[in-house]
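Single-letter residue listing:
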Amino acid sequence: MPVIIEPFRIKMVEPIRMTTRAEREAALQKAGNNLFAVPAEAILIDLLTDSGTGAMSARQWAAMMVGDESYAGGASFWRFEEAVKDIFGFERVIPTHQGRAAERILASTLCRPGHVVPNNTHFDTTRANIEAAGATALDLPCTESADLQQPFLFKGNIDLETLARVLVEQAGNVPFVMVTVTNNGGGGQPVSMENIRHASQLCRGQGVPFYLDACRFAENAFFIKRREPGYEDLSLIDIAREMFSYADGCTMSAKKDGMANIGGFLCTNDREVARQEEELLILTEGFPTYGGLAGRDLEAISVGLYEALDLDYQTYRHASTRYLGDHLAEGGVPIIQPPGGHAIYIDAAAMLAHIPRGQFPGQALALELFRRGGIRSVETGSVMFGSRHPDTGEEIPARHELLRLAIPRRVYTQSQIDYVVEVVLDTFADRHRISGVRIVEQPRRLRHFSAVFEILNHPAEVILESLPAAT
Ligand SMILES: *Cc1c(COP(=O)(O)O)cnc(C)c1O
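Below or above, wherever it landed, is the structure these notes cover.

The rules behind these values
Residues numbered from 1 in each chain as written. Predicted model: local features only at pLDDT ≥ 70, side-chain atom pairs only at ≥ 80, totals over all residues. Heavy atoms only, no water. Helix = DSSP H or I, 4+ residues; strand = E, 2+ residues; numbered from the N terminus. Rg over C-alpha atoms; globule rule 2.2 N^0.38 Å. Buried < 20%, exposed > 50% of the residue type's maximum accessible area, 1.4 Å probe, protein only. Contact = heavy atoms within 4.5 Å. Areas by Shrake-Rupley, 256 points an atom, 1.4 Å probe, with all protein chains shown as cover. Lys, Arg positive; Asp, Glu negative; His and termini not counted. Charge placed at Lys NZ, Arg CZ, Asp CG, Glu CD. Near = heavy atom within 4 Å. Polar contact = N/O pair within 3.5 Å; in protein donor to acceptor, adjacent residues only side chain to side chain. Nonpolar A, V, L, I, M, F, W, Y, C, P; charged D, E, K, R; others polar. Phe/Tyr/Trp six-rings, centres within 6.5 Å; stacked < 30°, edge-to-face > 60°. Salt bridge = Lys/Arg side-chain N within 4 Å of Asp/Glu carboxyl O. Disulfide = S-S within 2.5 Å. Core = buried A, V, L, I, M, F, W, Y, C linked by side-chain atoms within 4.5 Å. Axes fitted to C-alpha atoms, helices over the stretch in contact; angles between N-to-C directions. Parallel < 35°, antiparallel > 145°, perpendicular 65-115°, else oblique. Left-handed = near helix turned anticlockwise from the far one by under 90°.

### Section: the overall build of the protein
So, step 1. Of the regular secondary structure elements, the protein holds 16 helices and 16 strands.
So, step 2. Relative to the compact-globule value of 23 Å for 471 residues, the protein shows a C-alpha radius of gyration of 22 Å, a close match.
So, step 3. With the principal axes as the frame, the protein shows a C-alpha extent of 65 × 55 × 45 Å.
So, step 4. When burial is assessed residue by residue, the protein has 56% of its 471 residues classed as buried.
So, step 5. Considering only residue pairs separated by 6 or more positions, the protein has 73% of its internal contacts joining residues 24 or more positions apart.
So, step 6. When the accessible surface of the protein is totalled, it reaches about 20,100 Å², and 53% of it is carbon and sulfur.
So, step 7. Taken as two groups, the 45 positive and 60 negative side-chain charges of the protein have centres that lie 3 Å from each other.

Listed below in structure tokens is the structure:
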């Protein structure tokens, strides 16, 4: 097998700058040890997120030039709607400026206090929007996902047994069920077609609308093609169409598999729901034929959705993510197995076993990777998904303490990923010297964006003494 190369060549470059360790330490101090607050110019390799950070293609840039910026009825909207209907198949397509705007409109339209919304794992903004509408966001990941090291093929699946029980026990209180493809909170793991089909049947049996959080629909389609019997010979677009045929609607962030830098949409087959959603859309996003986006953004998305379904692109994307994962795992770093589609997740609790969970090992590791190599990653553990008890203030931890290295689409070369491997392996060798952190300031919701952290002082010798003696 030849090496799987990048299926594109570079037409435009953007310089990145190496910083000194002292500069990075100063940047961290200024940012309250929160990497979201570090200026992007101080970052060498930015693996914070794959959201809106991709490189657009020459075709996308060309399409932007013919963007129609009319307030109402612009041609860009018709092209956008045609592309979304062709792939997603829903009757009504509502453009929004991002995925979270679609979530907010959906939650405000369908959720009421006392409602429960099950999902394989709610994305942070999805959860926040459902909770802001007074409803409860319930995560139902499959049992296999609890074992981070076991390479099950579809660890993103929703737990069907529990879903069936919730639908009966909460009859009348479930405004919709959602399945996130791929399961981001669960480690970028795929959901099988069989699981989507069964979840849909359960919902339809109870008259509950079934939605997909479609952000990484094309990566999920590729996993189905490679891993699920019966789909080997289907094209990615046909697999995607089948996935959406089981759903009654979807939310989408075009910043992921829309291959664009901004945008999103909300789809439904329910005309009455769409009418109510469009009323809200006009309040906060804009007229229904642009929904908070410029005509040129709609054009970039229309082209990008098809590019995400290109088999050469997905083959390369999955190979490059796996390349990072395999090299880290070979060096002994505990990662979620098998590697997900868009990111590698390090099990920070396992790697930094000397740091108690209450001292946020994922955050501690993220800070160290930046300090050492200028790499920005993100904690996806108790800082992001944990919470505080509303009355007692007691910390409620997340399921896992993870660090995510997200790979922007079509941005970094293999040698830049080799550098990331080196920095992570060096950090791994020195892991006993890393100390935990404490939150000193935090907002009520989505605290990871703006919390301020303090690094706890653990002299390395004390930690080494507390480790079992080498035998
Ligand atoms: C990014 C993302 C969202 C939110 O989309 P934004 O465009 O960032 O608002 C929702 N769900 C999942 C799974 C995502 O990855």
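### Overview of the site of the ligand
So, step 1. In the neighbourhood of the ligand, 14 residues make up the surrounding shell, with Gly99, Arg100, Asp213, Ser253 and Lys256 lying closest.
So, step 2. Gly99 has a polar backbone atom sitting 2.9 Å from an oxygen atom of the ligand.
So, step 3. Between the ligand and the protein, one listed contact pairs an oxygen atom with a side-chain N or O atom of Arg100 at 2.7 Å.
So, step 4. Isolated, the ligand exposes 380 Å² of accessible area, and the fraction of that covered by the protein chains is 98%.
So, step 5. It is helix α4 (residues 99–110) that contributes the most residues to the shell around the ligand, three residues altogether.
So, step 6. Class assignment for the residues of the shell around the ligand results in two nonpolar, six polar and six charged.

### Quick word on the packing of aromatic side chains
So, step 1. Per the stated rule, a full pass over the model turns up 14 aromatic pairs.
So, step 2. Ring geometry for Phe8 versus Tyr316: centroids 5.4 Å apart, planes at 85°, classification edge-to-face. Linking Phe8 in the segment before α1 (21–30) with Tyr316 in helix α12 (residues 311–330), this pair joins segments that are 308 residues apart in sequence.
So, step 3. The class of Tyr316 is buried, set by a relative accessible area of 6%.

### A word on the pattern of salt bridges
So, step 1. In this structure the tally under the stated criterion is 31 salt bridges.
So, step 2. Arg322 is the partner of Asp326 in a salt bridge, and the nearest nitrogen-oxygen pair spans 3.6 Å. Linking Asp326 with Arg322, this pair stays in helix α12, spanning four residues, or about one helical turn.
So, step 3. Given the relative accessible area of 28%, Asp326 is considered partly exposed.
So, step 4. Assessed through its relative accessible area of 36%, Arg322 is described here as partly exposed.

### Topic: the side chain of His122
So, step 1. Turning to its location among the elements, His122 is positioned in the loop between β3 (116–119) and α5 (124–132).
So, step 2. We classify His122 as buried; its relative accessible area is 1%.
So, step 3. Among the polar contacts listed, one links the side chain of His122 to the backbone oxygen of Val117, at a separation of 2.8 Å.
So, step 4. Aside from chain neighbours lying at most four places away, what touches His122 is Val117, Arg127, Ile130, Ala137, Leu138, Asp139 and Phe385.

### A closer look at the state of the cysteines
By definition, a disulfide links the sulfur atoms of two cysteine residues through a covalent bond.
So, step 1. Counted under the stated rule, the structure contains zero disulfides.
So, step 2. No disulfide involves Cys111; its sulfur sits 14 Å from the nearest other cysteine sulfur, which is in Cys203.
So, step 3. Judged by relative accessible area, Cys111 falls into the buried class, the value being 2%.
So, step 4. Residue Cys250 stays outside any disulfide, its sulfur separated by 4.0 Å from that of Cys267, the closest cysteine.

### What about the nonpolar core?
So, step 1. By size, the foremost hydrophobic cluster in this structure holds 55 residues, and its most contacted members are Phe88, Phe210, Leu212, Phe217, Met243, Phe265 and Leu305.
So, step 2. With six residues, the top contributor of residues to this core is helix α9 (residues 236–245).
So, step 3. Among residues more than four places away in sequence, those in contact with Phe217 are Ile87, Phe88, Val181, Ala240, Met243, Phe244, Met252, Asp257, Leu305 and Leu309.
So, step 4. The next biggest cluster of nonpolar side chains, apart from the first, holds 44 residues, and it includes Ala27, Ala42, Ile346 and Ala364.

### Some points on α5
So, step 1. Looking only at α5, the buried set comprises Asp124, Thr125, Thr126, Ala128, Asn129 and Ile130.
So, step 2. On its buried face, α5 sits against α4, β3, β4 (136–139), β5 (177–180) and β6 (210–213).

### Brief notes about the packing of helix α2 (residues 58–65) against helix α11 (residues 295–308)
So, step 1. It is at 8 Å that the axes of α2 and α11 come closest, and there the two elements cross at 150°. With respect to α11, the axis of α2 lies roughly antiparallel. As α2 packs across α11, the resulting crossing turns out to be right-handed. Facing Arg59, Gln60, Ala63 and Met64 of α2, the residues of α11 in contact are Arg296, Asp297, Glu299, Ala300, Val303, Gly304 and Glu307.
So, step 2. Residues of the contact of α2 with α11, tallied by class, amount to four nonpolar, two polar and five charged.

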